[in-house]
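What the coordinates show
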Amino acid sequence: MIALLLLAGLLRNAHSSPVSDNRTGLPIGSELDEDAINNPREVFHSEAVRGRRSYLSNLGNLAFNTPYTLGEAAQKAHISCASCHVNGASNPKLFIPGLSTRPGTFDTTNSLFNPKTDNGVLDPVTIPSLRGARLLAPYGHDGRTASLRDFVRNVIVNEFAGTEPSSQILDAIVVYIEDIDFLPNPSLDRTGSLTPSANPSQQRGEALFRKPFPHDSSMSCAGCHVPSAAFVDHRQHDIGSGGLYKTPTLVNADFSAPYFHDGRFDNYPQVIDYFNRVYDLALSAQDRADMAAYLTAIGDGVRPEYHLTGTNVLEDIDGFASVLDIAISSHDAQVVAFTVHSVSDLLQDLADRYPDPKNHEISGGVNERALARATIAALMQRLHRVDLDATAGRFGEAAGDYLVYRKLTFATAPMALHAAEPWSSFTPAHHDTHAAVRQPADATIGTESASEISAPSR
């Protein structure tokens, strides 16, 4: 117990959200929504088809969730791909002053993350969901890139000034993104048509959606948003919104507001009014209501049941760490180092959910919080040993240390986190108080722990 409590002293304080000082390099008032209590998880195609995910999908998921894939500014700000695309979806609350015009938008050509690609214009775009991305080529709002692999590389190297990723890491991120499925929608059949359970308003909306436009019979909503093809046509169109932009999918679109490439519209009625005006559709008030009912039906989806708790987050982190199973046995010291550094950061973020016992603004559970933080510190220490062993070529010892880590995550750690849960930020009653008293990162990490979170060489 004493050893564990000493290890707890290695843990640093968390980044505050929204950003309240300049230590992260982000403008004051930036909001990454890192304090969200619940973030629905991804639905994976491979799990539905084969019952399990591949090594590359798991590695890609890890690379997607660590700042070390991106450049220096992103690492300092603690930003990863997942900061914008939370669990593979969008992040409607992300807002960075000077780079966003409204929550959920981001200027990809800016001087903050890569001055070399700054175009000198504030032109943010909405953050798209990555659900069903394998079915939605080409990529980018303007459809400028046919290859998802090329698009991902551009984001890493050009938009966020990351170093050239290895082929393995790049391939892994692509595999992960292509593995993210749409949320299932019981309102749609396999052809993209409404099921018989649809109400009359939704059915009328579907008929209007497929009906040719009054002044151009070659056009209809369904002509671009093809129901049988995930409601896209893989083409770019000028609809009077400022240029050529690709047809966005309407699948799961209920969760993807704001709408249009620049996020100018908050809801379906506003989008419908725009098309009604620009294309002179002469839709009545009832027509517009029916169309909104239809879009809401086809844009819905069954979100996975997932409540954010310490033990659930630890289970997710353990999934990231599972990459070590293959990396150690393959004697891949580079991936081992990348995994250890990244997972250590995630464990640190988990520890930050349990207020330091020295923090007296939150009363109660002093011993429980201390033990939870100390147990997480012990996990980080064990991972550090895995990295040291692998770097030295001692893969047998690395496998042994990783086995100890896995045993801790299966038994000791879950019990410690569960016991401290009532005083953690996972508990709604303490969430706001905990977020308010957290401070930005301080230089309080011990020498040994600091090496666990430094950027890995690739």
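Numbering of residues begins from 1 in every chain and follows the order in which that chain's sequence is written. A pLDDT threshold of at least 70 governs which residues receive local features in this predicted model, and a stricter bar of 80 or more applies before side-chain atom pairs are shown or counted, although totals over entire chains, interfaces and linings include all residues. Where side-chain values are given, they derive from all heavy atoms of the structure, hydrogens and water being excluded.

1. A closer look at the confidence of the model for the protein
The condition is simple: A score from 0 to 100, pLDDT tells how confident the predictor is in each residue. Two residues form a contact once any of their heavy atoms are found within 4.5 Å.
Mean pLDDT over the protein works out to 89, with 88% of the residues at or above the 70 mark. In the model, residues 1-10 has pLDDT below 50 throughout and makes 21 contacts with residues more than four positions away in sequence or in other chains. The low-confidence segment residues 436-458, where pLDDT is below 50, has 65 contacts with residues more than four positions distant or belonging to other chains.

2. Digging into empty space enclosed by the protein
One way to see where empty space is left: roll a probe the size of a water molecule over the atoms. Selection criterion: Grid points spaced at 1 Å over the protein atoms alone were grouped into cavities, where a 1.4 Å probe fits but cannot get out, and pockets, open sets with protein on both sides within 12 Å along at least five of seven lines, with lining residues defined by an atom within 4 Å of a point. Grid points are joined across faces, edges and corners, and a volume is the space filled by probe spheres set on the points. Only Asp, Glu, Lys and Arg are considered charged in this grouping, and only Ala, Val, Leu, Ile, Met, Phe, Trp, Tyr, Cys and Pro are considered nonpolar; every other residue, Gly among them, is considered polar.
Counted under the stated rule, the structure contains 3 cavities of 30 Å³ or more. Size it by volume and the second largest cavity reaches roughly 40 Å³. Surrounding the second largest cavity, Ser90, Asn91, Pro92, Gly104, Thr126, Ile127, Ser256, Ala257 and Pro258 form its lining. Tallied by class, the residues present in the lining of the second largest cavity amount to 4 nonpolar, 5 polar and no charged.

3. Quick look at the side chain of Glu421
Put simply, the rule reads: We count a stretch as a helix when DSSP gives it H or I for four or more residues in a row; a strand needs E for two or more, and each element gets its number in order from the N terminus.
Tracing the chain through its elements places Glu421 in the loop between α17 (412-420) and α18 (428-437). If we skip the residues at most four places from it in the chain, Glu421 touches Thr309, Gly310, Thr311, Tyr354, Phe426 and Thr427.

4. A few points about helix α11 (residues 285-298)
Applied cut-off: Take the residue count of a helix, subtract one, and multiply by 1.5 Å to get its expected span. With a 1.4 Å probe rolled over the protein chains alone, any residue whose accessible area is under 20% of its type maximum counts as buried; one over 50% counts as exposed, and the rest are partly exposed.
Spanning 14 residues, α11 covers 20 Å between terminal C-alpha atoms, matching the ideal 20 Å at 1.5 Å per step. Buried residues of α11: Asp290, Met291, Ala292, Tyr294, Leu295, Ala297 and Ile298, and no others. Contact partners of the buried residues in α11: α8 (200-210), α9 (221-224) and α10 (268-278).

5. Brief notes about the packing of α8 against α11
Axes are the key here: two packed helices are described by the angle between their axes and the distance separating the axes. Put simply, the rule is: Here an axis means a line fitted to C-alpha atoms, over the contact stretch when the element is a helix, while the angle between two N-to-C directions is reported on a 0 to 180 degree scale. Orientation is classified from the angle alone, with under 35 degrees giving roughly parallel, over 145 giving roughly antiparallel, 65 to 115 giving roughly perpendicular, and any other angle giving oblique.
For the pair α8 and α11, interaxial distance at closest approach is 7 Å and the crossing angle is 95°. It follows from the interaxial angle that α8 and α11 lie roughly perpendicular. Residue-level inspection shows Ser201, Gln202, Arg204, Gly205, Glu206, Leu208 and Phe209 of α8 in contact with α11, the latter providing Gln286, Asp287, Ala289, Asp290, Met291, Ala293, Tyr294, Leu295 and Ala297. Split by residue class, the contact of α8 with α11 holds 8 nonpolar, 4 polar and 4 charged.

6. A look at the packing of helix α3 (residues 55-64) against helix α14 (residues 333-351)
Here is the rule: It is the rotation of the near helix from the far one that decides the hand of a crossing: anticlockwise by less than a right angle makes it left-handed, clockwise makes it right-handed.
Their axes nearest at 10 Å, the elements α3 and α14 cross at an angle of 50°. Between α3 and α14, the angle is such that the two are oblique. Handedness of the crossing formed by α3 with α14: left-handed. Between α3 and α14, the contacting residues are Tyr55, Leu59, Leu62 and Ala63 on the first element and Val335, Phe338, Thr339, Ser342 and Val343 on the second. Class assignment of the residues belonging to the contact of α3 with α14 gives a composition of 7 nonpolar, 2 polar and no charged.

7. Describing the packing of aromatic side chains
How we decide: The rule is short: rings of Phe, Tyr and Trp, with Trp giving its six-membered ring, pair when the centres are within 6.5 Å, and they are stacked under 30 degrees, edge-to-face over 60, tilted in between. Geometrically, a charge over a ring is one whose NZ (Lys) or CZ (Arg) sits within 6 Å of the ring centre while staying within 35 degrees of the ring normal.
Inspection of the entire model under this criterion finds 17 aromatic pairs. With a centroid separation of 5.7 Å and an interplanar angle of 90°, the aromatic rings of Tyr274 and Phe275 are classed as edge-to-face. Taking relative accessible area as the criterion, Tyr274 reaches 5% and is therefore assigned buried. Given the relative accessible area of 23%, Phe275 is considered partly exposed. Within the aromatic cluster, the residues linked to one another by ring pairs are Phe213, Phe260, Phe265, Tyr274, Phe275 and Tyr279. Positioned over the ring face of Phe44 is Arg53, at 3.8 Å from the centre of the ring.

8. Some remarks on the nonpolar core
Rules: Buried Ala, Val, Leu, Ile, Met, Phe, Trp, Tyr and Cys residues that are joined via side-chain atoms within 4.5 Å together make up what is termed a nonpolar core.
Judged by nonpolar contacts, the single largest core of 76 residues is most densely connected at Ile79, Phe113, Ile177, Val343, Leu347, Leu350 and Tyr405. The leading source of residues in this core is α14, at 9 residues. Here Leu350 is in contact with Gly310, Val313, Leu314, Ile317, Ile376, Leu417 and Phe426, once residues within four sequence places are set aside. Core analysis: the next-biggest nonpolar cluster, separate from the first, contains 32 residues, Phe182, Leu188, Leu208 and Cys221 among them.

9. Overview of the environment of Arg373
With respect to the helices and strands, Arg373 occurs in helix α15 (residues 366-391). A sequence separation of 43 residues divides Arg373 from Ala416, and the C-alpha atoms of the two residues are 8.8 Å apart.

10. Concerning the pattern of salt bridges
Convention followed: Between Lys or Arg on one side and Asp or Glu on the other, a salt bridge is scored when a side-chain nitrogen of the former is within 4 Å of a carboxyl oxygen of the latter.
Scanning the entire structure with this criterion turns up 17 salt bridges. The salt bridge involving Arg102 is made with Asp266; its shortest N-O contact spans 2.4 Å. Of this pair, Arg102 sits in the loop between α5 (81-84) and β1 (105-106) while Asp266 is found in the loop between β4 (244-246) and α10, placing the two residues 164 residues apart along the sequence. The closest approach of N and O atoms between Arg406 and Asp325, which form a salt bridge, is 3.4 Å. Taken as a pair, Arg406 in helix α16 (residues 395-410) and Asp325 in helix α13 (residues 323-329) lie far apart in primary sequence, 81 residues in all. When its relative accessible area of 19% is taken as the criterion, Arg406 is described as buried. Judged by its relative accessible area of 38%, Asp325 falls in the partly exposed class. Several salt bridges share partner residues, and in doing so they unite Asp142, Arg144 and Glu159 into one network.

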